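# Understanding the architecture of this molecule
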Amino acid sequence: MNIRQPIHLMGEIPRPAPNAQVGSAPEHTARTSRGAARKRWKHPTDRARAHWLVRMNYSNRFCVCALLGLPVGAHLTDIGAPLWLWGLLVAQFYLYPHVLYWRARRAHDQLRAEKPHLLLDCVASGAWAAGLGFPTWLSFALFACNNINFVAYYGGQTGVPRLVGAMGVGAAVVWFSGMHYPLNPDTGLAATVLSMVALTLYLVAFGHTGHQRALAWRKSNLKLREQYKKINALQARLREQAVRDPLTGLYNRRHLGEVLEPELARCRAARSSLAVVLIDVDHFKCINDTRGHAVGDMVLQSLAQLMQRHVRAQDMVFRYGGEEFLLLLPDISLETATQRAEALRTAFGQTPMRVSAKDAPPLNVTLSCGVAAFPLHAEQGEALISCADQALYAAKRQGRNRTQVWPQAVQAACA
């Protein structure tokens, strides 16, 4: 058996073996994948694939060449240049930018391919200045425009030395080869005026492009800022939803676990007290069974609203379980916490609730409360809640609709 396998070049589609079954499922899947890949693949010359710096340099180069070709042409007219020099002008100032852009788009690394293009611009500009005998206005315009492009790409500290060096190389090659006109810094009126106009127009165009880019960046920054605000608002809403009970709007048991120990640590450092009140709706299962779950939900919502009206700014109200609620009361004595729990129980029990049914009688609901305090009864959060829970259990054992304090409640329950 021949174990040699054909080696396929990159991009070559393997052909099936002569004895392979045509139209088999694996081959069909491979053909489908290759077809989809060909549809997704685009030629490197696609404009959308050009790097933004390559596009910027192309725009600058095209604008510079189109504008500077006019004063150079006027100077060639003044000196009676031969036809071949006019052809070189057309190639340099009107075809050259498109060729470099085409080459940069096809390059695998577009930025790396664009760097020698900038140097080539300066070499060609130096060669033109030396070849024409260093006319003042043309040489200045060529230097100024290339200087703007170099500084925009490399920055001032790196761009200016490279610009001077590249233009010097181009000028030296032409000058020492003898292929130049005699030294003559004068330029004709047309070439002078066109040099001024070309330089002015390029500066205006460059400034306009920078202004438009700044506006685009500002718009993009504003859009990102708005998106950032929306994301922050969404995150805040999600955090709020994560710690809130959807029925009552109170904090949930998860949030209690996050804030209880830090609050105890604060009270411990401040040598202050903290009270926990556990509240349970009496006979809540009976309410659900006889009046329905909608009425049961209304009872819980009414109790939640009442507790929110009866707490201080630093107090926190939690839905601890199904019909159980927890009040976290920092910086308060045990006696005051007991009085507030009793006032809440009395207010809720003396407020009949009307249900939606017209013929349904008002609903009287009572509460049972258990109270425990830090540091009198417990030092840790779980132990403190356990004490309040035992007090609540004792209140229920004694007939409900009452407020009990640990450990007196435990002693009464045991008796």
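Located above this text is the structure these notes cover.
Below is a short write-up of the structure.

### Section: the environment of His117
Inspection of the secondary structure puts His117 in helix H4 (residues 110-131). Taking C-alpha positions, His117 is 9.9 Å from Arg61, a pair spaced 56 residues apart along the chain. Those residues in contact with His117 that sit more than four places away from it in its chain are Arg61, Tyr96, Leu100, Arg103 and Ala104.

### Observations regarding the sheet that holds strand S4 (residues 367-374)
Read across the open sheet, the five strands follow the order S2-S3-S1-S4-S5; overall the sheet is mixed. The open sheet has two edge strands with one neighbour each: strand S2 (316-319) and strand S5 (403-405). Along the sheet, successive strands turn relative to each other by an average axial angle of 20°, direction set aside. Inspection of the sheet shows strand S1 (residues 274-281) paired to strand S3 (residues 324-330) by seven bridges, in the antiparallel sense. Counterpart to Val277 in the pairing with S3 is Leu327. Along the sheet, helix H12 (residues 381-397) contacts S1, S3, S4 and S5; its crossing angle with S4, the most-contacted strand, is approximately 150°.

### Brief notes about the packing of aromatic side chains
Within the structure shown, the criterion is met by eight aromatic pairs. Both rings, one in Phe150 and one in Tyr154, keep their centres 5.3 Å apart while their planes meet at 35°; by these two values the pair is tilted. Pair noted here: Phe150 and Tyr154 are both in helix H5 (residues 136-154), with a separation of four residues, about one helical turn. As far as burial versus exposure is concerned, Phe150 and Tyr154 are alike and both buried. Here the aromatic rings of Tyr251 and Phe318 are separated by 5.8 Å at their centres, their planes lie at 40°, and the arrangement is tilted. One end of the pair, Tyr251, is in the loop between helix H7 (189-243) and helix H8 (253-269); the other, Phe318, is in strand S2, with 67 residues separating them in the sequence. Three or more aromatic residues joined by ring pairs make a cluster, and in this case those are Tyr58, Phe62 and Tyr101. The residue whose ring lies beneath Arg244 is Tyr251, and the NZ or CZ to ring-centre distance is 4.0 Å.

### Here we look at the nonpolar core
Grouped burial of nonpolar side chains is what soluble globular proteins tend to show. Ranked by size, the top nonpolar core spans 32 residues in total, and within it Ile279 and Met307 carry the most contacts. Looking at this core element by element, the count peaks at seven residues for helix H10 (residues 293-309). With sequence-adjacent residues up to four places away left out, Met307 is seen in contact with Leu250, Ile279, Val317, Phe325, Leu327 and Leu344. Counting 24 residues, the second largest nonpolar core, distinct from the first, contains Leu68, Trp128, Leu132 and Ala144.

Conventions used here
- Residues numbered from 1 in each chain as written.
- Predicted model: local features only at pLDDT ≥ 70, side-chain atom pairs only at ≥ 80, totals over all residues.
- Heavy atoms only, no water.
- Helix = DSSP H or I, 4+ residues; strand = E, 2+ residues; numbered from the N terminus.
- Contact = heavy atoms within 4.5 Å.
- Pairing = 2+ DSSP bridges.
- Axes fitted to C-alpha atoms, helices over the stretch in contact; angles between N-to-C directions.
- Phe/Tyr/Trp six-rings, centres within 6.5 Å; stacked < 30°, edge-to-face > 60°.
- Buried < 20%, exposed > 50% of the residue type's maximum accessible area, 1.4 Å probe, protein only.
- Lys NZ or Arg CZ within 6 Å of the ring centre and 35° of its normal.
- Core = buried A, V, L, I, M, F, W, Y, C linked by side-chain atoms within 4.5 Å.

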